[in-house]
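What follows is the residue order along each chain.
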Amino acid sequence: DVKVTQSSRYLVKRTGEKVFLECVQDMDHENMFWYRQDPGLGLRLIYFSYDVKMKEKGDIPEGYSVSREKKERFSLILESASTNQTSMYLCASTLLRSSYNEQFFGPGTRLTVL
Amino acid sequence: DQQVKQNSPSLSVQEGRISILNCDYTNSMFDYFLWYKKYPAEGPTFLISISSIKDKNEDGRFTVFLNKSAKHLSLHIVPSQPGDSAVYFCAASSAYQLIWGAGTKLIIKP
């Protein structure tokens, strides 16, 4: 079974703090994604990566950065957390040559910024 | 500009009856469509997919129908069970990505 793990299930941070969210997958997938999920807005893509050290902006990259130093690990960084970044953060991965791009998700991190 | 739309934020269905969740899209170049199910505090899990060259795909209690001329797809769950209560996302496959709808919260009443 594909396993995608995220470093924390729940996180509480203060405004202005630097926040690191880590994601690890164990199936040698090339593509990895970071989303945030907010009620009524669905899943919005923040960044994705299709290879080590490669990254592409998604729909809402402002206020976020990412790092992919190893194939299995994709990190999301909030340089200076703000209250409007309170959300559920979801990491996903998929094979580059997947026929229909099925994405496998981690359990999510519920981030609260006070 | 939303390319994938789920216009019903929520749906309530009696246990044992049919649940029908709808999804509309605008881009006729999408080659696959997927449905995911999400419970609170968990990541989405893949449910069923359909190729754009098909009009129906069935897997147990779940059937997805695709109407290309109307750019519409629907997920049928028969019979609905309490464990089906969740948020359902429709997604369209494009290049390396999935384009997501906003989700429909399905509530199964006992």
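Procedures and definitions
- Residues numbered from 1 in each chain as written.
- Chains lettered and ligands numbered in written order.
- Predicted model: local features only at pLDDT ≥ 70, side-chain atom pairs only at ≥ 80, totals over all residues.
- Heavy atoms only, no water.
- Helix = DSSP H or I, 4+ residues; strand = E, 2+ residues; numbered from the N terminus.
- Buried < 20%, exposed > 50% of the residue type's maximum accessible area, 1.4 Å probe, protein only.
- Contact = heavy atoms within 4.5 Å.
- Areas by Shrake-Rupley, 256 points an atom, 1.4 Å probe, with all protein chains shown as cover.
- Lys, Arg positive; Asp, Glu negative; His and termini not counted.
- Charge placed at Lys NZ, Arg CZ, Asp CG, Glu CD.
- Polar contact = N/O pair within 3.5 Å; in protein donor to acceptor, adjacent residues only side chain to side chain.
- Buried area = accessible area lost by both parts, 1.4 Å probe.
- Salt bridge = Lys/Arg side-chain N within 4 Å of Asp/Glu carboxyl O.
- Nonpolar A, V, L, I, M, F, W, Y, C, P; charged D, E, K, R; others polar.

**Considerations on the overall build of chain B**
Right, so step 1: If you tally the helices and strands in chain B, you get zero helices and 11 strands.
Right, so step 2: The helix and strand sequence of chain B, counted from the amino end, reads β-β-β-β-β-β-β-β-β-β-β.
Right, so step 3: Taking the principal axes of its C-alpha atoms as reference, chain B extends roughly 40 × 30 × 20 Å.
Right, so step 4: For chain B, the proportion of its 110 residues judged to be buried stands at 44%.
Right, so step 5: The contacts of chain B with a sequence gap of at least 6 include a subset with a gap of at least 24, amounting to 52%.
Right, so step 6: Just so you have it, chain B exposes about 5400 Å², and 50% of that area is on carbon and sulfur atoms.
Right, so step 7: In chain B, the 11 positive side-chain charges and the 9 negative ones have mean positions that sit 4 Å from each other.

**Digging into the side chain of His76 of chain B**
Residues and elements named next belong to chain B.
Right, so step 1: Its place among the elements puts His76 in strand S8 (residues 72-77).
Right, so step 2: With a relative accessible area of 18%, His76 lands in the buried category.
Right, so step 3: At 3.3 Å, the side chain of His76 forms a polar contact with the side chain of Ser74.

**Topic: unusual backbone geometry**
Right, so step 1: Put simply, Val78 of chain B and Pro79 of chain B share a cis peptide bond, and its omega is -10°.
Right, so step 2: Among the secondary structure elements, Pro79 of chain B is positioned in the loop between S8 and strand S9 (86-94).
Right, so step 3: One non-glycine residue, Lys53 of chain A, lies in the positive phi region at around 65°.
Right, so step 4: For Lys53 of chain A, the position within the fold is in the loop between strand S5 (42-49) and strand S6 (56-57).
Right, so step 5: A residue is classified by how much of its surface remains accessible, and Lys53 of chain A, at 58% relative accessible area, is exposed.
Right, so step 6: Phi angles above zero are rare outside glycine, and Ala41 of chain B is one such case at about 65°.

**So, the interface of chain B and chain A**
Right, so step 1: Counting from both sides, the interface comprises 20 residues of chain B and, opposite them, 23 residues of chain A.
Right, so step 2: At the boundary of chain B with chain A, total buried surface from both sides reaches about 1700 Å², with 60% on carbon and sulfur atoms.
Right, so step 3: Put simply, chain B and chain A have zero salt bridges between them.
Right, so step 4: Contributing elements (two or more residues each) for the side of chain B that touches chain A: strand S4 (32-38), strand S5 (45-51), S9 and strand S10 (97-100) of chain B.
Right, so step 5: Top contributing element to the side of chain B that touches chain A by residue count: S4 of chain B, with four residues.
Right, so step 6: Split by residue class, the side of chain B that touches chain A holds 12 nonpolar, six polar and two charged.

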